[in-house]
Structure formats: structure tokens, C-alpha cells
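Geometric and topological summary
The primary structure of each chain is shown beneath.
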Amino acid sequence: MTETSLPLRFSCVWEGNSADLTPESFQSAVIRATGLNTSASPTRSSAEGLDRVSLFVPASPPTTREQRAAWTRALEHDLDSEGLAVAITAGAMAQHGPALVVLDGDSTLFTGEGIDLVAAHAGTQEEVAAITAAAMRGELDFAQSLRRRMGTLRGLPASVLDQVRQDYHFSPGAAQMVSAFHRRGVKVGVVSGGFRELVAPHAAEIGLDFVKANSFEVANGQLTGEPEGDIVTAETKETCLRSWASELGISVESCVAMGDGANDLKMVRAAGLGVAYLAKPALQAAADARLSWPNLAALSALTLPD
């Protein structure tokens, strides 16, 4: 069987004044990293305080995901700037962008960890934050660690969640990112190991299409220290990615998944493009692309066509 050629898009994004990359120098870096002999012309654009260079190659030899990831690392090394984010998309995603973007909640779509904010009201923030950090590094089973953390909240008035919600904020660029994806018809979802009581109201504010998160069990107006229903695990996140894609009638290869911790590994590996956002080492190593500064708008700039 003859292998067909594959369109590829090489994109590099940075915040204004953090780098100065010309289209010609980016094209040269791509050629050095990949060995491709392309005459395609790169483009440069600016929006929302971000600069971007993009090189669309209409036809190239078929590539594996591992090869594209290796090229990405080579480009990162060649361009030598922590202020740059590089991504390589292939096939339909290279031509049209993703069809679905799935984000982790705490420390990705939102700054910080919601349960740490709740724990501050219970006087257990230091203990809970230490467990959270270990779980995100992959040192603890996530479900067991969540039960341990929730146990420290037993007896806390449920009304505290209303106060915490006021201190639970989107990461920079979240609204701009969602708007950019929605303008191109891309669906956006969040699947969070955090809590629906915090995530869902804010998700509704910016019109997210899908929401999945844990819930607090409440009895007599107090937190019981137990979750209500099943815990959102790494497996849950991958399942949500696949089921939402199926609901939309698309393949996971046309999806982007982004997170920061070990419990995001499965969905990041399952998606057509997996992105690490200010991530722990295990996810940094596994992701196709890495975003090392706090601006979610860079994700839409990296993955949408010109």
C-alpha cells in the first residue's frame, strides 16, 4: 500500500517582547530540525499580546507522533528560549485546527488548587497542599490522596464553598482562548480532579461545552469529608475525552488535551496533540508540546490555522 503525504503545521508562539523570531529564522530552524526540504512560506501574526510564526507544509512524508515530538524538542533546543512554545500538528488538525479541546481544571484552566483554598478555611491548608503536590508529581494514587485531603475538611460548613468560589480564578488568557476556539467552531471542555461546586459556575461564565469534576458530599449543611459519587481519576479524564469526541462524531486524533499533573497523563497521551501547561516533570516529558508561561491564549494560537 502506498503511503499518502501528510500536511504538517509548525507553530511557535511567544508573548510580545519575550523573543524576536523572524519567519525566515523559524523556517531555517524547522529545516535543521526535520531535514524536510520545503519551499512553503511561513507567516507571522500578532494578537492578544502574543506573537506567532507558523509554517504550513501542504505535503510531507508520513510521520509518527514520536517523530513529531522529537522534532518539537529539537526546535525548542535550537530556538533556545523558555519564552517560546512550539507545536507540530498533522493531518486535519494542521489544516483546520482541533475539533475539541479538553482542559484540566485546577492549575490549568484555573490558578492553584481549589481544595487547597477550601482547606485554608479548615486550618489544614499546609497538610492538604503537601498531599496535593505529591499527587500531582505522581507519587501518590490520586483517588486515595483526594480522600485523605477531603477527610481533613470534615465538619466544615458547606457555605464556605461560596466564599472560596470568589477566590477561585481563571488562569490568564482563559476567556481569550475559549473565544478564539469558539469562533472557529471548536468545542471546549474541562475535566477536573477539583470540584464541580467551584468549577461549574465559572465554566458557565465563559461558555464551556463540557464539564466534569468531583463533588463534595454534604449532610446537615456540613462537608462530610467524602466525595459524592465517583472520583475523577486519570482514567476518567481519558474516558471523558473519548466520550465527548464520540458524542461530537470526531476522532481523538482531532482533539487537543492539556494539563499540568500526573493525573492528566492518560488524556494527554490519548489526544491527537497533548500539551503540558506549567507542568510537573512526568507530564512535561510525555507531552507533545509544552507551555512554560501562564497564558492560556497561547494554546489557541499554537493550534489554530492562520
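Quick caveat, the model's predicted, so the values are computed rather than measured.

Bringing helix α4 (residues 114-122) into the picture now. All of the buried residues in α4 are Gly 114, Ile 115, Asp 116, Val 118 and Ala 119. Immediately beyond the C-terminal end of α4, within one or two residues, lies Gly 123, with a positive phi of roughly 75°.

Moving on, we get to unusual backbone geometry. A positive phi angle is found at Asp 80, which is not glycine, with a value near 50°. By secondary structure assignment, the location of Asp 80 is in the loop between α2 (65-79) and β4 (84-90).

Of the pairings in the sheet, the one linking strand β8 (residues 216-219) to strand β9 (residues 222-227) comprises three bridges and is antiparallel in character. What sits directly across from Val 218, in β9, is Leu 223. Taken together, β8 and the strand that follows it, β9, pair antiparallel across an intervening segment of two residues, in which Asn 220 is found at a positive phi of about 55°.

Taken in spatial order, the six strands of this open sheet run β7-β6-β5-β10-β11-β12, and their pairing is parallel. On the outer flanks of this sheet lie β7 (210-214) and β12 (289-291), each paired with one strand and no other. When the angles between neighbouring strand axes are averaged without regard to direction, this sheet yields 15°. As defined by bridge partners, strand β10 (residues 255-259) adjoins strand β11 (residues 273-277) across four bridges and the pair is classed as parallel. In the sheet register, Ala 257 faces β11, and the bridge partner there is Gly 274. Lying on the sheet, helix α10 (residues 234-248) is in contact with β5 (100-103), β6 (187-195), β7 and β10; it crosses β6 at an angle near 155°.

Moving on: the side chain of Asp 116. Assignment of secondary structure puts Asp 116 in helix α4. It turns out Asp 116 is buried and unbridged, and the closest side chain with the opposite charge, Arg 149, is 5.4 Å from it. Beyond its immediate chain neighbours, meaning those up to four positions away, Asp 116 contacts Gln 125, Val 128, Ala 129 and Thr 132.

Residues Leu 109, Val 118 and Leu 299 are the most contacted members of the largest nonpolar core, which totals 57 residues. The residues touching Leu 299, leaving out its near neighbours within four places in the chain, are Val 101, Leu 103, Met 177, Phe 181, Val 256, Met 258 and Val 275.

What follows deals with the pattern of salt bridges. Taken as a whole, this structure holds 15 salt bridges when the rule is applied. Between Glu 226 and Arg 147 there is a salt bridge; the shortest N-O distance is 3.0 Å. You can see Glu 226 sitting in strand β9 and its partner Arg 147 sitting in helix α6 (residues 142-151), a full 79 residues away along the chain. Several salt bridges converge on common partners, so that one network encompasses Arg 9, Arg 52 and Asp 306.

Counting buried positions over the eleven residues of strand β3 (residues 50-60) gives eight, a clear majority of the element. Bridge analysis of strand β1 (residues 6-15) against β3 gives nine bridges, and the strand direction is antiparallel. If you follow Leu 8 over to β3, its bridge partner there is Val 57. Summarising the sheet, strand β2 (residues 43-47) and β3 pair through five bridges and their orientation is antiparallel. What sits directly across from Ser 46, in β3, is Asp 51.

In this section: the packing of aromatic side chains. Counting across every chain of the model gives five aromatic pairs. Relative to Phe 216, the ring of Phe 195 has its centre 3.9 Å away and its plane inclined at 15°; by these criteria the two rings are stacked. Separated by 21 residues along the polypeptide, Phe 195 in strand β6 and Phe 216 in strand β8 bring together distant segments of the chain. You'll find Phe 195 and Phe 216 in the same group, each marked buried. Members of the aromatic cluster, joined through ring pairs, are Phe 110, Tyr 168 and Phe 170.

Next up on the list: the packing of α4 against helix α5 (residues 125-136). Taken N-terminus to C-terminus, the directions of α4 and α5 make an angle of 160°; their axes are 8 Å apart at the nearest point. Considering their axes alone, α4 and α5 lie roughly antiparallel with respect to each other. α5 is crossed by α4, and the crossing has right-handed handedness. Residue-level inspection shows Ile 115, Asp 116, Ala 119 and Ala 120 of α4 in contact with α5, the latter providing Gln 125, Val 128, Ala 129 and Thr 132.

It is worth spelling out the side chain of Thr 224 at this point. Take Thr 224: it is sitting in strand β9. Here Glu 217 takes part through its side chain, which lies 2.6 Å from a polar atom of the side chain of Thr 224. The residues touching Thr 224, leaving out its near neighbours within four places in the chain, are Arg 154, Glu 217, Val 218 and Ala 219.

Rules used in this analysis
- Residues numbered from 1 in each chain as written.
- Predicted model: local features only at pLDDT ≥ 70, side-chain atom pairs only at ≥ 80, totals over all residues.
- Heavy atoms only, no water.
- Buried < 20%, exposed > 50% of the residue type's maximum accessible area, 1.4 Å probe, protein only.
- Helix = DSSP H or I, 4+ residues; strand = E, 2+ residues; numbered from the N terminus.
- Pairing = 2+ DSSP bridges.
- Axes fitted to C-alpha atoms, helices over the stretch in contact; angles between N-to-C directions.
- Contact = heavy atoms within 4.5 Å.
- Lys, Arg positive; Asp, Glu negative; His and termini not counted.
- Salt bridge = Lys/Arg side-chain N within 4 Å of Asp/Glu carboxyl O.
- Core = buried A, V, L, I, M, F, W, Y, C linked by side-chain atoms within 4.5 Å.
- Phe/Tyr/Trp six-rings, centres within 6.5 Å; stacked < 30°, edge-to-face > 60°.
- Parallel < 35°, antiparallel > 145°, perpendicular 65-115°, else oblique.
- Left-handed = near helix turned anticlockwise from the far one by under 90°.
- Polar contact = N/O pair within 3.5 Å; in protein donor to acceptor, adjacent residues only side chain to side chain.

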